[in-house]
Amino acid sequence: MLLRTIAFYIFAVPAVVCAALAVTRRNIVHSAAYLTATLVLTAGIFLQLAASFLFAAQILLSASATMALFFFVILPSRGGLRSRAMPSKWRTFLPLTLALFFAVLGFFAAWAGRGTLPMPAADGPSQGNTEAIGGAIFEHYLLPFEMTAVLLLVAIVAAVIMAKRRVE
Amino acid sequence: MISPTHYFFLSFALFAIGIAGALARRNAITVLMSIVLILDAASINLAASSRMWGSADGQTFAMFIIAGAAAEAVAGLGIIVALVRRDQAGSTSDLDRTI
């Protein structure tokens with residue numbers, strides 16, 4: 001039990017630190033690298049939650065594909081990503097207040113619900129995890145699954161059109 | 001003793017960081033990254049709930065969120081590429097003038 005707690009903090013604390021660094025760094029390449037670290041550490045969290053399929057999907061899709069995409073956009077457009085607008089004071093003050101509000105709200109919500117449902121102590125190898133997800137998709141959530149396929153197709157077509165079109 | 005509350009706290013921390021970044025930063029790529037962080041926090045929450053209830057439904061929706069995040073990144077980065085090509089600006093403050 002103590003081992004699991006230690007393992008949780010090994011992944012959770014660096015994840016939060018890397019997320020904060022990803023949001024605050026001025027250098028966009030550093031920012032993307034920190035975000036990749038956060039996503040990989042999140043995959044570790046998924047593994048602790050016995051969600052082995054999510055672990056694989058997170059590594060494959062978020063941590064590698066999305067980050068490769070970010071780097072492909074960052075590297076050709078370096079120097080062009082500069083704001084020409086003047087920063088305003090409320091523009092930084094308001095979001096931080098809002099974020100603090102959400103953090104406090106979530107803290108109290110989780111604190112009020114603590115101990116209501118304990119984490120199952122089943123520790124065996126999570127075989128059948130992918131099988132269970134596949135069953136859930138193709139028995140209960142077939143329509144959302146197909147809509148996701150259409151959504152991805154639309155996103156691909158949109159990206160190709162926006163990247164290729166010449167604007168005069 | 002690790003409990004679902006631990007995972008919920010982690011999720012809320014990532015969510016708050018993502019909200020702050022998405023609203024406070026003006027670099028459009030950083031805003032997209034913050035949105036990815038928010039979606040990541042949501043999938044942690046769903047995975048923890050899925051484990052708590054002993055059901056695969058939460059993980060299924062977390063998978064949908066990962067697919068949605070990929071689609072969002074593709075479309076958003078397409079917009080940024082078009083924006084940078086058009087007038088060499090990648091800030092959300094310039095969007096009101098360029099569109």
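Everything below is about the structure printed above this text.
None of the values given here were measured: they were computed from a predicted structure.

Participant: Tell me what's going on with the packing of aromatic side chains, and back it up with residues and numbers.
Facilitator: Under the counting rule described, the total for this entry stands at nine aromatic pairs over all chains. Geometrically, the ring pair formed by Phe107(A) and Phe108(A) is edge-to-face, given 6.0 Å between the ring centres and 80° between the ring planes. Given the relative accessible area of 41%, Phe107(A) is considered partly exposed. Note on Phe108(A): relative accessible area 54%, which makes it exposed. Note on Phe138(A) and Phe145(A): the rings are 5.3 Å apart at their centroids and 70° apart in plane angle, and the pair reads as edge-to-face. Three or more aromatic residues joined by ring pairs form one cluster here, namely Phe8(A), Tyr9(A) and Tyr7(B).

Participant: Account for the nonpolar core, naming residues and giving values.
Facilitator: Counting 50 residues, the largest nonpolar core has Leu35(A), Ile45(A), Leu54(A), Phe70(A), Ile29(B), Met33(B) and Ile80(B) as the members making the most contacts within it. Residue assignment for this core shows that the elements contributing at least two residues are helix H1 (2-24), helix H2 (28-48), helix H3 (52-74) and helix H5 (129-139) of chain A together with helix H1 (4-24), helix H2 (28-53) and helix H3 (57-87) of chain B. Sorting elements by how many residues they give to this core places H2(B) first, with eleven residues. When residues of this core are assigned to domains, at least three map to each of domain 1 (1-79) and domain 2 (134-168) of chain A. Leave out the neighbours within four places in its chain, and Leu54(A) touches Phe46(A), Ala47(B), Gln59(B), Ala62(B), Met63(B) and Ile66(B). Ala99(A), Ile19(B), Ala20(B) and Ile38(B) belong to the second largest nonpolar core, which has five residues in total.

What counts and what doesn't
- Residues numbered from 1 in each chain as written.
- Chains lettered and ligands numbered in written order.
- Predicted model: local features only at pLDDT ≥ 70, side-chain atom pairs only at ≥ 80, totals over all residues.
- Heavy atoms only, no water.
- Phe/Tyr/Trp six-rings, centres within 6.5 Å; stacked < 30°, edge-to-face > 60°.
- Buried < 20%, exposed > 50% of the residue type's maximum accessible area, 1.4 Å probe, protein only.
- Core = buried A, V, L, I, M, F, W, Y, C linked by side-chain atoms within 4.5 Å.
- Helix = DSSP H or I, 4+ residues; strand = E, 2+ residues; numbered from the N terminus.
- Domains from an automatic or database assignment.
- Contact = heavy atoms within 4.5 Å.

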